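# Examining the three-dimensional arrangement
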Amino acid sequence: MAGDMLRFVERGQAYPAKRDADARAEDFREIADRYAVQSAEDQAGRCSQCGVPYCSVHCPLHNHIPDWLRLTAEGRLREAYELSNATSTMPEICGRICPQDRLCEGNCVIEFSGHGAVTIGSVEKFITDTAWEEGWVEPLVAGPARGQSVGVIGAGPAGLSAAEYLRGFGYEVHIYDRHDRAGGLLTYGIPGFKLEKPVVMRRVDRLKAGGIVFHEGFAVGEDATLDQLRQRHDALLIATGVYKARAIDVPGGAAQGVVAALDYLTASNRKGFGDDVPAFEDGSLNAEGRHVVVIGGGDTAMDCVRTAVRQGATSVKCLYRRDRANMPGSQREVGHAEEEGVEFVWLSAPHSFQGDAITGVKANRMRLGSPDASGRRAPEVDPGATLDLPADLVIKALGFDAEDLPNLFGAPELGTTRWGTVLVDGKTLMTSLDGVFAAGDIVRGASLVVWAIRDGRDVATSMHKYLKAKAASERQAA
Ligand code: FAD
Ligand code: SF4
Ligand code: SF4
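Residues numbered from 1 in each chain as written. Chains lettered and ligands numbered in written order. Predicted model: local features only at pLDDT ≥ 70, side-chain atom pairs only at ≥ 80, totals over all residues. Heavy atoms only, no water.

Before going further, it helps to spend a moment on the packing of aromatic side chains. Two descriptors summarise a pair of aromatic rings, namely the distance from one centre to the other and the angle between the planes of the rings. Taken as a whole and judged by the stated rule, the model has five aromatic pairs. Each ring, one from Phe 28 and one from Phe 193, has its centre 6.2 Å from the other, and the planes form 35°; the classification is tilted. Here Phe 193 lies in the loop between helix 10 (185-188) and helix 11 (197-209) and Phe 28 lies in the loop between helix 1 (21-24) and helix 2 (37-44), a separation of 165 residues in the sequence. The class of Phe 28 is partly exposed, set by a relative accessible area of 31%. Seen from their ring centres, Tyr 176 and Phe 218 are 4.8 Å apart, and the 55° between their planes marks the pair as tilted. Separated by 42 residues along the polypeptide, Tyr 176 in strand 2 (residues 172-177) and Phe 218 in the loop between strand 3 (213-216) and helix 12 (226-232) bring together distant segments of the chain. We classify Tyr 176 as buried; its relative accessible area is 1%. (Phe/Tyr/Trp six-rings, centres within 6.5 Å; stacked < 30°, edge-to-face > 60°. Helix = DSSP H or I, 4+ residues; strand = E, 2+ residues; numbered from the N terminus. Buried < 20%, exposed > 50% of the residue type's maximum accessible area, 1.4 Å probe, protein only.)

Here we come to the domain arrangement of the chain. If you check the domain split of the chain, you get domain 1 (21-134), domain 2 (149-242 + 402-477) and domain 3 (246-396). Here the C-alpha centroids of domain 2 and domain 3 sit 31 Å apart. With 14 residues of domain 2 in contact, the opposing surface of domain 3 contributes twelve residues. Between domain 2 and domain 3 lies a buried interface of about 1,100 Å² when both sides are counted; carbon and sulfur atoms form 57% of it. Inspection of the region where domain 2 meets domain 3 yields three salt bridges. Asp 180 is paired through a salt bridge with Arg 270; the nearest N and O atoms lie 3.1 Å apart. Our count for the contact surface shared by domain 2 and domain 3 stands at seven residue pairs in polar contact (both at pLDDT 80 or more). Of all elements in the fold, only helix 10 and helix 11 reach the threshold of two or more residues within the side of domain 2 that touches domain 3. It is helix 10 that provides the largest number of residues to the side of domain 2 that touches domain 3, a total of three residues. (Domains from an automatic or database assignment. Contact = heavy atoms within 4.5 Å. Buried area = accessible area lost by both parts, 1.4 Å probe. Salt bridge = Lys/Arg side-chain N within 4 Å of Asp/Glu carboxyl O. Polar contact = N/O pair within 3.5 Å; in protein donor to acceptor, adjacent residues only side chain to side chain.)

Here we come to the sheet that holds strand 9 (residues 343-345). Working definition: the strands of a sheet are paired by backbone hydrogen bonds and lie parallel or antiparallel to each other. Taking strand neighbours across the sheet as the criterion, the five strands line up as 6-13-7-8-9 in an open arrangement whose pairing is parallel. The strands lining the two open edges of the sheet, one partner per strand, are strand 6 (258-260) and strand 9. Here the strands of the sheet are splayed against their neighbours by 25° on average, with no regard to which way each runs. Taken together, the five bridges between strand 7 (residues 291-295) and strand 8 (residues 315-319) define a ladder with parallel strand orientation. Residue Val 293 lies in a different strand from strand 8, and its bridge partner there is Lys 317. Its contacts with the sheet place helix 13 (residues 261-273) against strand 6 and strand 13 (393-396), and it is angled at close to 75° to strand 6. Packing against the sheet, helix 15 (residues 299-311) makes contact with strand 7, strand 8, strand 9 and strand 13, and its axis sits at approximately 170° to strand 8. (Pairing = 2+ DSSP bridges. Axes fitted to C-alpha atoms, helices over the stretch in contact; angles between N-to-C directions.)

Written as structure tokens, this is what we have:
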């Protein structure tokens, strides 16, 4: 083994080549090429096979990273795939969109030793993309039928992951989603240049072929109440994500041309699917030829600015109230945006929007004060310092909160936290309602895909336990 591994000194870190920024601004394809087989093996062979692998500790799925890196370095790709697949329902998706710099790669010891982390995410993507091409990804096979059924509300990564495991345990599984396509934010939030849609759809198709029943275009709260679904199934999972966009309370906020980030991104993703999108065709959600200002500093804001570049905006600026070091978004994504021509206006926050149909943004200059509750230095207005930015499209990307689910679902007895997220028992992941569980962003607040997958895995185990106990007590009572 040692002959193939520990090569981090003589072999430099090399991510797959990125396409030239001008070329990638022309389309919505992913920006990175894939490793050639030799490069993947070489890069995997840089791993020093740590006895206590901090990469795995900091991966929410605790993936067996050093083991699949070793198998890859040895050219045993199919085994590498099987091991990688054992802990994750979507390894190729995590390999693409996890913020590795904050998770596995950011905690790789080789990074700390100054040699550059093992390129874990790119190898993970390579392994499972290869598995799909080689036909190693096996169909989902349902376990022996248990005669019980489960309803999953929300077909995002949390719901899909839970559904996959539950089907494997032998349950009849129904997924309800208000969108016409499954995938949640993988489908309609995250743009194709980070995650091409066929990569998501082949996962969904595999679940459909495995007998999971999808009810698309089914909005719980409109098409059924929570209680009606509880009557229909032996257990329910709420995995609805968080969708209430945070507002900007400044004069002119209702101007025409001030739009919500997710409306904008959804329209763009729908165009990518070839859908007819009137709000895109009439220009309301299309940045082509416009001066665009995006407000926010998170991943959603980064996706908006880079989408605007691809739609042919005349100029794209990102307005953020803190500085670069204190922004929540991934530094890697900021770098990509800068390469693609986005201008960042740090330490600035909107003061007002001008025009009935937006013509510009007046912004306050900000400065950083003492750290707030989150530990980041709180921004405060720098008195008297303002700037004016021309804008005919303003995109608000300030983050998301939970919708009022008890009200929406007609279930006032559903317990929530003070942030509006659904309250679950820390051990069982069950809500205040018997047999109703919850997972993903609706429990955590806006988070990451890899955490949604982890929650889906955990909640499936807990629901399985609950359902077995329920079946046993029904048998006893009969
Ligand atoms: P979601 O993916 O939100 O899925 C919830 C599903 O529930 C949706 O399909 C929705 O239609 C459905 N639903 C909601 N209400 C109802 C209802 N009443 N009835 C029926 N169905 C309903 N994370 C990363 O790790 N990397 C990234 O690069 C990244 N980029 C992001 C970019 C954007 C623009 C956004 C908004 C988020 C990004 N995230 C990223 C975060 C990530 O997408 C989420 O953390 C993750 O998708 C949460 O998964 P989920 O299954 O809990 O919810
Ligand atoms: Fe890293 Fe994410 Fe893969 Fe875990 S799932 S190994 S954090 S890329
Ligand atoms: Fe390999 Fe880095 Fe993980 Fe250590 S921390 S096992 S070197 S990938």
